[in-house]
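These are the residues of each chain, in order.
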Amino acid sequence: MKRFLLPIAFLVGFGILKLPVEKLLLSQEQAAGFQAAQLNLHVRSQLGQMGFVAALSGFRAVMADLLFIRVGTAFQKTEWGRMKLLLESATQLQPKAVMFWEMAHFHMAYDAAIASRENRIQQPSETLRRRAEREYMHIGEQFLLDGISFNPDNSRLYEHLGRFYSKRLYDHERAAEAYATSAKKPGAHEYVGRFAAYELAEVPGKEAQAYQQLCHFYKTGPRVPTLENLIHRLEEKLAVPPSERVYSPSNQETVSPAQAR
């Protein structure tokens with residue numbers, strides 16, 4: 001009887017001793033965002049059995065880098081579907097790596113989308129090319145949204161989202177919201193707040209609100225050409241009395257190329 005009880009007692013004791021360690025590891029993984037990431041069969045299919053085991057064993061960063069090397073090969077071969085799967089797996093392995101989400105967004109929303117639109121040889125139908133372009137654009141958008149869910153305080157991801165809405169979807173209202181959110185995050189670039197006002201000025205019915213914001217930037221920040229021209233345009237459109245206008249061509253200041261946005 002003692003022969004059977006001894007191993008059981010050993011296992012119970014070992015389980016009790018490792019509980020605090022497991023609890024600490026779990027809390028660390030949750031804080032890093034890894035518990036929300038999905039190491040599922042889809043990821044396993046991209047890594048293979050040994051790579052999947054390595055990821056589970058603490059080599060997530062190495063495996064994610066390996067997948068990004070494969071992304072480069074898929075890009076060169078214009079294998080957009082395979083590239084999407086590889087990017088999904090890499091971002092799930094390293095959800096806190098902002099650069100991975102940025103690259104995934106650019107590869108799909110720009111590289112794959114534009115290539116699909118211009119590929120007249122494989123797809124003669126312009127309607128189908130445009131549809132493929134839109135699908136890849138929205139896949140790229142989703143990468144940014146997923147990246148934000150893992151990194152909600154990152155200003156760069158919101159800035160990319162604003163640029164995407166502005167330059168790819170021409171949705172100026174959502175672009176203004178994304179830029180405004182980016183401006184509130186730690187480490188945001190100085191120009192992002194101005195960009196939010198620029199986009200708001202393009203939204204019908206929001207011109208007066210945009211004008212107030214632009215005037216604030218004109219009075220408190222560098223007087224860049226884009227800002228001045230937009231203020232002048234809105235003053236004309238809103239019929240602001242000459243005595244109340246803030247923009248005067250004689251008050252222009254010289255700014256650096258980096259500021260002139």
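Note that the structure is predicted; figures quoted are calculated from it, not measured.

Observations regarding the packing of aromatic side chains
Next up, step 1: Throughout the structure, instances matching the rule amount to eight aromatic pairs.
Next up, step 2: Here the aromatic rings of Trp101 and Phe143 are separated by 6.4 Å at their centres, their planes lie at 55°, and the arrangement is tilted. In this pair, Trp101 sits in helix H5 (residues 98-118) while Phe143 sits in helix H6 (residues 126-150), placing the two residues 42 residues apart along the sequence.
Next up, step 3: When its relative accessible area of 1% is taken as the criterion, Trp101 is described as buried.
Next up, step 4: Where Trp101 meets Phe150, the ring centres are 5.7 Å apart and the plane angle is 20°; that geometry is what we call stacked. Pair noted here: Trp101 is in helix H5 and Phe150 is in helix H6, with a separation of 49 residues, a long-range link. Each member of the pair, Trp101 as well as Phe150, carries the same accessibility label: buried.

Looking at the side chain of His105
Next up, step 1: Position of His105 relative to the elements: it lies in helix H5.
Next up, step 2: Excluding its chain neighbours within four sequence positions, the residues that come into contact with His105 are Tyr110, Gly140, Glu141, Phe143, Leu144, His160 and Phe164.

Re helix H7 (residues 155-167)
Next up, step 1: Taking 1.5 Å as the rise per residue, H7 with 13 residues should run 18 Å; its terminal C-alpha atoms sit 18 Å apart, in good agreement.
Next up, step 2: For H7, the tally of buried residues reaches ten of 13 residues, placing the bulk of the element in the interior.
Next up, step 3: Along H7, the positions that sit buried rather than exposed are Ser155, Leu157, Tyr158, Glu159, His160, Leu161, Gly162, Phe164, Tyr165 and Ser166.
Next up, step 4: Contacts from the buried residues of H7 go to H5, H6, helix H8 (172-183) and helix H9 (192-200).
Next up, step 5: Measuring from the side-chain oxygen of the N-cap residue of H7 to the backbone nitrogen of Arg156 gives 3.0 Å; that N-cap residue is Asn154.

Here's the deal with the nonpolar core
Next up, step 1: Counting 34 residues, the largest nonpolar core has Met83, Leu87 and Met108 as the members making the most contacts within it.
Next up, step 2: If you list the elements that add at least two residues to this core, you get helix H3 (60-76), helix H4 (80-93), H5, H6, H7 and H8.
Next up, step 3: Looking at this core, the element that brings in the most residues is H5, giving nine residues.
Next up, step 4: Core analysis: the second largest hydrophobic core is formed by 23 residues, Tyr179, Cys215, Leu227 and Ile231 among them.

Details of the confidence of the model for the protein
Next up, step 1: Across the protein, the average pLDDT comes to 80, with 71% of residues at 70 or higher.
Next up, step 2: For residues 21-30, every residue scores under 50 in pLDDT, and the model assigns this stretch four contacts once sequence neighbours within four places are set aside.
Next up, step 3: A low-confidence stretch, residues 253-258 stays under pLDDT 50, and its non-local contacts, those more than four residues away or across chains, total seven contacts.

Cut-off values and rules
- Residues numbered from 1 in each chain as written.
- Predicted model: local features only at pLDDT ≥ 70, side-chain atom pairs only at ≥ 80, totals over all residues.
- Heavy atoms only, no water.
- Phe/Tyr/Trp six-rings, centres within 6.5 Å; stacked < 30°, edge-to-face > 60°.
- Helix = DSSP H or I, 4+ residues; strand = E, 2+ residues; numbered from the N terminus.
- Buried < 20%, exposed > 50% of the residue type's maximum accessible area, 1.4 Å probe, protein only.
- Contact = heavy atoms within 4.5 Å.
- Expected span 1.5 Å × (residues − 1).
- Polar contact = N/O pair within 3.5 Å; in protein donor to acceptor, adjacent residues only side chain to side chain.
- Core = buried A, V, L, I, M, F, W, Y, C linked by side-chain atoms within 4.5 Å.
- pLDDT = per-residue confidence, 0-100.

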